[in-house]
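Here is how the chains run, residue by residue.
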Amino acid sequence: MNNKNFYITTPIYYPSGKPHMGHAYSSIIADILARFNKIDGKSVFFLTGTDEHGLKIQREAEKNNKNPIEFCNELSKKFKDLTLTLNLSNNDFIRTTEKRHYESVKNIWNKLYDNGNIYLDKYSGWYSVSDEAYYDEDETETIDGNKIAKSSGSKVDWVEEESYFFRLSKWSEKLLEHYDKNPEFILPPSRKKEVVNFVKKGLKDLSVSRTSFTWGIKVPQNNKHVIYVWLDALTNYISALNYPNINDKLYKEFWPANIHIIGKDILRFHAIYWPAFLMAAEIKLPDRVYGHGWILSDEKKMSKSLGNILDPIEIIDKYGIDQLRYYLMKDVSLGNDGNISLENLTNCINNDLANNYGNLCQRVLTFVEKNCDNSIPIPSKRTVEDEVFNKRIIDEVDKLRSLMNKQDINNYIKTVVNFSFEANKYFNDTEPWSFKKTDKIRMEQIIFTILVQIKNISILLNPIIPVATKKVFKMMNLNPEDCKIQNINNNDILKHKKKLNEKNILFKKVENDN
RNA sequence: CGCGGGGUGGAGCAGCCUGGUAGCUCGCAAGGCUCAUAACCUUGAGGUCGGCGGUUCAAAUCCGCCCCCCGCAACCA
């Protein structure tokens, strides 16, 4: 692992239902960071995948009269299809039902077992069959002589189950030390506070096996048990790099990961269990875990009963993938929960994409077509105004890079969109149309200057809206390979006198028909 | 006193760590331009920054108390 390489992951998704907006959101964030690092010259490995074991899936499979793996093939495919729908640039798609993952998990299990971090004991508690969940004593109450769970009201029974445990408790201090020494291991800071306070209260050992179902990876020492969720699921992040073969090229180049993108709901597992497992297995820890907020609809979690579901696939069908990507990144503050609505989506598409960036491209390229022989003009003499205008972006590249390295996608977009405003203003103020007859040389200089700006804005927007920016490069007859951060300060990629390709409206406006 | 987040013009948010004329996008009003997707540019109206109190020359920003909303509270992706 060196700073030329960049490894980023999405959560490993549990495909018990169809993919929803939360999955799309996590994946889009990760994709944008992956794409940015790619155009910034890094070698990027971007992983996503599905976590396919467990009781829920076993039951569903039985209900559908399928064997679990057949059933998983179908479920997993929906998530794999989503990577295409979302236009993800992932290098791999891992499934926890794959052989490579089995080997990886068994290896890490054995390591933990052999070095005394896993032991056999009994797991006990108040179990609700209908909730499929254990409850603590204080989460239950007795009504009319029946013991019930407070939260659901369902009947609970005292159940004891043999289980293997991971000695999580003994890692508390080490974890706190790690958080302390690596202040950006958990981001955003508010999430870190939550985790630190939680760990400070002391950790209980973690049950890492089950005997109540069979759909999983068998415990090597005892085939009555299957390895339970987290030790199985989280390990995917190294399985995909061909762990346990630590001399493998992928593993050597990309572990430890630069960042795991996850939702705040699974923060604890990624910020506590995962580093503890890794420390216990003497594997290096990832650099960062970023727990983003939730996407809400009408201030609430989306649910069928509330009827406020915004389905990513439907939205993409109707509005387009770049539109959804841009909207989610622009309108939702990454670390916090964010409300989304169709109304805001259409506003965002119409204003930022259609009227601003889209129309900028349209007005300039049309101008080139009509007044510059449809080819990129030769610049002559730049005025101070031209110079200052172009330089603004060049001067901000370092700042933009550091925003992306902090996962501050909101401010990144804000800054870039501002360049688009400035470009429209420049075009207005310099009035190239007024030179059509009087000073063609000045006119061509203005057009060249703004083409440079469109090129640069498009490079910067490429990670967010890859389809549209690729179109712009095509329309300008630029080599798509040149869509790189380093070319922001390189105008040689704009070949003079080169004819533009056919152009189309980039973003159509949407009627607000809600 | 369990942990954490939030309460800022009509809407959605930033600013709070590192106090000093309250910022952005949308919406609204007026003007300009005409190259462009009735797009673009400029200007303006609109806020006692949840409440009370404290520190300070100065507080949205620091401290204390209170009110309201939302997550988490361990095996649930």
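This text goes with the structure placed above it.
Note that this is a predicted model, so its numbers are computed, not measured.

Right, let's talk about the overall build of chain A for a bit. Within chain A, the secondary structure is distributed over 17 helices and 17 strands. Counting only C-alpha atoms, chain A reaches 95 × 50 × 40 Å along its principal axes. Within chain A, the fraction of its 514 residues that count as buried is 55%. When contacts within chain A are restricted to residue pairs at least 6 apart in sequence, long-range pairs at least 24 apart make up 76% of them.

Residues in contact with RNA strand B amount to 55 residues; listed here are only the nearest, Leu206, Trp230, Asn359, Arg363 and Phe427. Counting only atoms of RNA strand B within 4 Å of the protein, the sugar-phosphate share comes to 64%. Between RNA strand B and Arg363 there is a distance of 2.4 Å, counted from a base nitrogen to a side-chain nitrogen or oxygen. The contact in question runs from a phosphate oxygen of RNA strand B to an N or O atom on the side chain of Lys370, over 2.8 Å. Among the elements of the structure, α6 (189-200), β10 (206-207), α7 (229-233), α10 (267-280), α13 (342-371) and α15 (409-430) are those that each provide at least two residues to the surface near RNA strand B. Ranked by residue count, the leading element in the surface near RNA strand B is α13, at 11 residues. In terms of residue class, the surface near RNA strand B is built from 21 nonpolar, 17 polar and 17 charged.

So, about helix α3 (residues 68-85). The end-to-end C-alpha distance of α3 is 26 Å, a good match for the 26 Å that 18 residues give at a rise of 1.5 Å each. For α3, every residue scored as buried is listed here: Phe71, Cys72, Leu75, Ser76, Phe79, Leu82 and Thr83. Buried residues along α3 sit in contact with β1 (5-13), α1 (21-39), β2 (43-50), α2 (55-63), β3 (92-95) and α11 (312-319). Following α3 by one or two positions, Asn87 has its phi on the positive side, about 60°.

Once that is clear, we can look at the nonpolar core. Soluble globular proteins: nonpolar side chains tend toward being buried together. One finds Leu328, Ile409, Tyr412 and Ile464 to be the most contacted residues of the largest nonpolar core, which totals 92 residues. Dropping the residues within four chain positions of it, Ile409 is found in contact with Ile29, Ile32, Leu33, Met329, Leu334, Met404 and Ile464. Of all hydrophobic cores here, the second largest spans 56 residues; its members include Val105, Tyr237, Ile266 and Leu267.

You can see Asn390 is positioned in helix α14 (residues 384-405). Looking at Asn390, the relative accessible area reads 3%, which means it is buried. Ignoring sequence-local partners within four residues, the contact set of Asn390 consists of Arg382, Thr449, Val452 and Gln453.

As a further point, take the sheet that holds β2. The strand order across the open sheet built from six strands is β3-β2-β1-β14-β15-β9, with neighbouring strands paired in parallel fashion. In this open sheet, the two edge strands, each paired with only one partner strand, are β3 and β9 (186-187). Against the sheet, α10 touches β9, β14 (259-263) and β15 (289-292), its axis set at about 140° to β14.

Here we come to the sheet that holds strand β13 (residues 222-227). Remark on secondary structure: sheet strands pair via backbone hydrogen bonds, oriented parallel or antiparallel. If you trace the three strands from one edge of the open sheet to the other, you get β11-β13-β12, paired in antiparallel fashion. Each end of this open sheet is capped by a strand with a single partner; those strands are β11 (209-210) and β12 (218-219).

A separate point is the packing of aromatic side chains. Under the definition given, this model contains 21 aromatic pairs. Between the aromatic rings of Phe45 and Phe254, the centroid separation amounts to 5.5 Å while the plane-to-plane angle is 35°, which identifies the pairing as tilted. Taken together, the residues Phe45 in strand β2 and Phe254 in helix α9 (residues 249-254) connect sequence positions 209 residues apart. Since its relative accessible area comes to 7%, Phe45 is described here as buried. Connected via pairs of aromatic rings, a cluster forms that spans Tyr7, Phe45, Tyr237, Phe254, Trp255 and Trp274. Lying over the aromatic face of Tyr123, Arg210 brings its terminal NZ or CZ to 5.4 Å of the ring centre. The positively charged end of Arg268 is found above the aromatic ring belonging to Phe198, 3.6 Å away from the centroid.

Tallied over the full model, the rule gives 24 salt bridges. Residue Asp40 pairs with Arg401 through a salt bridge whose shortest N-O separation is 2.7 Å. Taken together, the positions of Asp40 in the loop between α1 and β2 and Arg401 in helix α14 put the pair 361 residues apart, joining distant regions of the chain. The buried category is assigned to Asp40, whose relative accessible area is 17%. For Lys224, the salt bridge is made with Glu162, and the minimal N-O distance between the two is 4.0 Å. Within this pair, whereas Lys224 is found in strand β13, its partner Glu162 is found in strand β8 (residues 157-166), the two being separated by 62 residues in sequence. Look at Lys224 and you get exposed, because its relative accessible area is 55%. Classification of Glu162 as partly exposed rests on a relative accessible area of 31%.

The geometry of helix α5 (residues 172-181) relative to α6 is characterised by a closest axis approach of 10 Å and an angle of 155° between their N-to-C directions. As far as their axial angle goes, α6 and α5 are roughly antiparallel. Crossing hand, α5 versus α6: left-handed. Between α5 and α6, the residues in contact are Ser172, Leu175, Leu176 and Tyr179 and Lys192, Val195, Val196, Val199 and Lys200, respectively. Here the residues of the contact of α5 with α6 sort into six nonpolar, one polar and two charged.

The rules behind each value
Per chain, residues are indexed from 1 in the order of the written sequence. By the order in which they are written, chains take letters starting at A while ligands take numbers starting at 1. Side-chain atom pairs in this predicted model are given and counted only at pLDDT of 80 or more, local residue features only at pLDDT of at least 70, and totals for whole chains, interfaces and linings cover all residues. For the side-chain quantities, the full set of heavy atoms in the structure was used; hydrogens and water were omitted. A run of H or I in DSSP becomes a helix once it reaches four residues, and a run of E becomes a strand once it reaches two; helices and strands are each numbered from the N terminus. Categorising residues by exposure relies on relative accessible area from a 1.4 Å probe, with only protein chains included: less than 20% of the type maximum marks a residue as buried, more than 50% marks it as exposed, and the intermediate range marks it as partly exposed. Two residues qualify as a contact provided that any one of their heavy atoms is within 4.5 Å of a heavy atom in the partner residue. By convention in this text, a residue qualifies as near a molecule or strand provided that one of its non-hydrogen atoms is within 4 Å of it. Here a polar contact is recorded for every N or O atom pair within 3.5 Å, except that within protein the pair must consist of a potential hydrogen donor and a potential acceptor, and residues adjacent in sequence are included only if both atoms are side-chain atoms. When residues are sorted by character, Ala, Val, Leu, Ile, Met, Phe, Trp, Tyr, Cys and Pro go into the nonpolar class, Asp, Glu, Lys and Arg into the charged class, and all the rest, Gly among them, into the polar class. Helix span, as expected, comes to 1.5 Å for every residue beyond the first. Side-chain atoms within 4.5 Å link the members of a nonpolar core, which is a set of buried Ala, Val, Leu, Ile, Met, Phe, Trp, Tyr and Cys residues. For two strands to be treated as a pair, DSSP must find at least two bridges joining them. Fitted lines through C-alpha atoms give the axes, limited to the stretch in contact for helices. The angle between two N-to-C directions lies from 0 to 180 degrees. Each pair of aromatic rings taken from Phe, Tyr and Trp, with Trp reduced to its six-membered ring, is defined by centres within 6.5 Å and is described as stacked if the planes are under 30 degrees apart, edge-to-face if over 60, and tilted in the remaining cases. The rule is short: NZ of Lys or CZ of Arg within 6 Å of the ring centre and within 35 degrees of the ring normal puts a charge over the ring. Whenever a carboxyl oxygen of Asp or Glu lies within 4 Å of a side-chain nitrogen of Lys or Arg, that contact is scored as a salt bridge. Orientation categories follow fixed angle ranges, with anything under 35 degrees roughly parallel, anything over 145 roughly antiparallel, 65 to 115 roughly perpendicular, and all other angles oblique. The handedness criterion is simple: a crossing whose near helix is rotated anticlockwise from the far helix by less than a right angle is left-handed, and one whose near helix is rotated clockwise is right-handed.

Read these as layout, nothing more, since geometry by itself doesn't imply function.
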